Amino acid sequence: MSANDVLPDVRVFSSAPALSAAAAAWVADELADSVSARGRASLVLSGGSTPRTLYELLAGRFKDGIPWSGVHVFWSDERYVPHDHPLSNYRMAKEALLDHAGIPSAQVYPMPTHFPEPQAAARDYETTVNHYFAGTPPVFDVVLLGIGADGHTASVFPGSSAITSARVVMAVTAPAEPPSRLTLTLPVIASARRIGVLVTGASKAAALAVALGGRHSALPAAVLARTASTAVWWVDRDARPGLS
Ligand code: 6PG
């Protein structure tokens, strides 16, 4: 780890439910602080299965503490399938959060998956993000992420040009089903004011150890850990054995 690398903020919990509750409280506080400070908050939702419980808590126990009328919702990545497809990240967030939180629909920006070519969808979403930030470099207020066992995050996979791209959004081909994806690039993700990385389960332990290990791994999760000074790593004991 070089001198200017970030020392990760790692918070370990006894179980996934305990982790989700603590992370949801943190997200609620960060959203409220953003709206109070800047009049609005941009929340970037992760896909996958880990964040579902957190989303349900944001729409449930923590709902009244969040100024939803000031919250704008984006996605870190999306599988290139219809929004009602079982694998759609939008569908999962809609079921767990959006159908219950009362966020104005004009403030919800799904990644589009209706263009014939994913590259056109990526350009369209990049325009949406740049419009939200009025042409200034995107600085999202709260970005939620997971990591894969291979060390990917969002849909930035090992070896991807999205690790270093100057673009905001890219269409990529993932080594996972479905292969066609849209993703925010890692530099845009790393520039967020607050990042919450949710990691649970023994299957993630090896990738998390590399990511937090301080060595100069090229894995996207490791690059994020080194470069994102605002990341909080919410992990359970199965993902980080040996730490209490
Ligand atoms: C996706 C996610 C992806 C996810 C990890 C972890 O679209 O799949 O954005 O990066 O966060 O693969 O997925 P799980 O939470 O299902 O383990």
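About the cut-offs
- Residues numbered from 1 in each chain as written.
- Predicted model: local features only at pLDDT ≥ 70, side-chain atom pairs only at ≥ 80, totals over all residues.
- Heavy atoms only, no water.
- Buried < 20%, exposed > 50% of the residue type's maximum accessible area, 1.4 Å probe, protein only.
- Helix = DSSP H or I, 4+ residues; strand = E, 2+ residues; numbered from the N terminus.
- Pairing = 2+ DSSP bridges.
- Right-handed = clockwise from strand over helix to strand, strands pointing away.
- Salt bridge = Lys/Arg side-chain N within 4 Å of Asp/Glu carboxyl O.
- Axes fitted to C-alpha atoms, helices over the stretch in contact; angles between N-to-C directions.
- Near = heavy atom within 4 Å.
- Polar contact = N/O pair within 3.5 Å; in protein donor to acceptor, adjacent residues only side chain to side chain.
- Areas by Shrake-Rupley, 256 points an atom, 1.4 Å probe, with all protein chains shown as cover.
- 1 Å grid on protein atoms, 1.4 Å probe; cavity = no way out; pocket = protein on both sides within 12 Å on 5 of 7 lines; lining within 4 Å.
- Sits in = over half its atoms within 2 Å of the grid points.
- Nonpolar A, V, L, I, M, F, W, Y, C, P; charged D, E, K, R; others polar.

**Points about the pairing of strand β3 (residues 71–75)**
Of all five residues in β3, five are buried; the element is thus mostly enclosed. Where strand β2 (residues 41–45) meets β3, five bridges bridge the pair, whose relative direction is parallel. Bridging across to β3, V44 finds its partner in F74. Assessed by its sense of winding, the connection that carries the chain from β2 through helix α2 (residues 52–58) to β3 is right-handed.

**Digging into the pattern of salt bridges**
For the coordinates displayed, the defined rule picks out nine salt bridges. Between D9 and R11 there is a salt bridge; the shortest N-O distance is 2.8 Å. The class for D9 is partly exposed, based on a relative accessible area of 29%. The exposure class assigned to R11 is partly exposed, which follows from its relative accessible area of 30%. Ionic pairing is found between R52 and E95, a salt bridge with its closest N-O pair at 3.3 Å. Residue R52 is located in helix α2, and its partner E95 is located in helix α3 (residues 89–101); the two are separated by 43 residues in the primary sequence. Residue classification places R52 among the partly exposed residues on the basis of a relative accessible area of 30%. If you follow the salt bridges from partner to partner, you end up with R38, D141 and R193 in one network.

**Considerations on the sheet that holds β2**
A sheet is described by the order of its strands in space; here six strands give the open sequence β1-β9-β8-β5-β2-β3, paired in parallel fashion. Pairing within the sheet leaves two strands with one partner each, and these edge strands are β1 (9–13) and β3. Pairwise comparison of adjacent strand axes, ignoring direction, gives a mean angle of 20° for this sheet. Across five bridges, β1 lies against strand β9 (residues 231–236) in parallel orientation. What sits directly across from F13, in β9, is D236.

**Re the site of the ligand**
Neighbouring the ligand are 15 residues; T50, D77, H152, A154 and K204 lie closest to it. Residue D77 places a side-chain N or O atom 2.7 Å away from an oxygen atom belonging to the ligand. Surface burial for the ligand is 86%, taken as the share of its 410 Å² of free accessible area covered by protein chains. Judged by the proximity of its atoms to the pocket grid, the ligand belongs to the largest pocket. Grouping the constituent residues of the shell around the ligand by class yields two nonpolar, nine polar and four charged.

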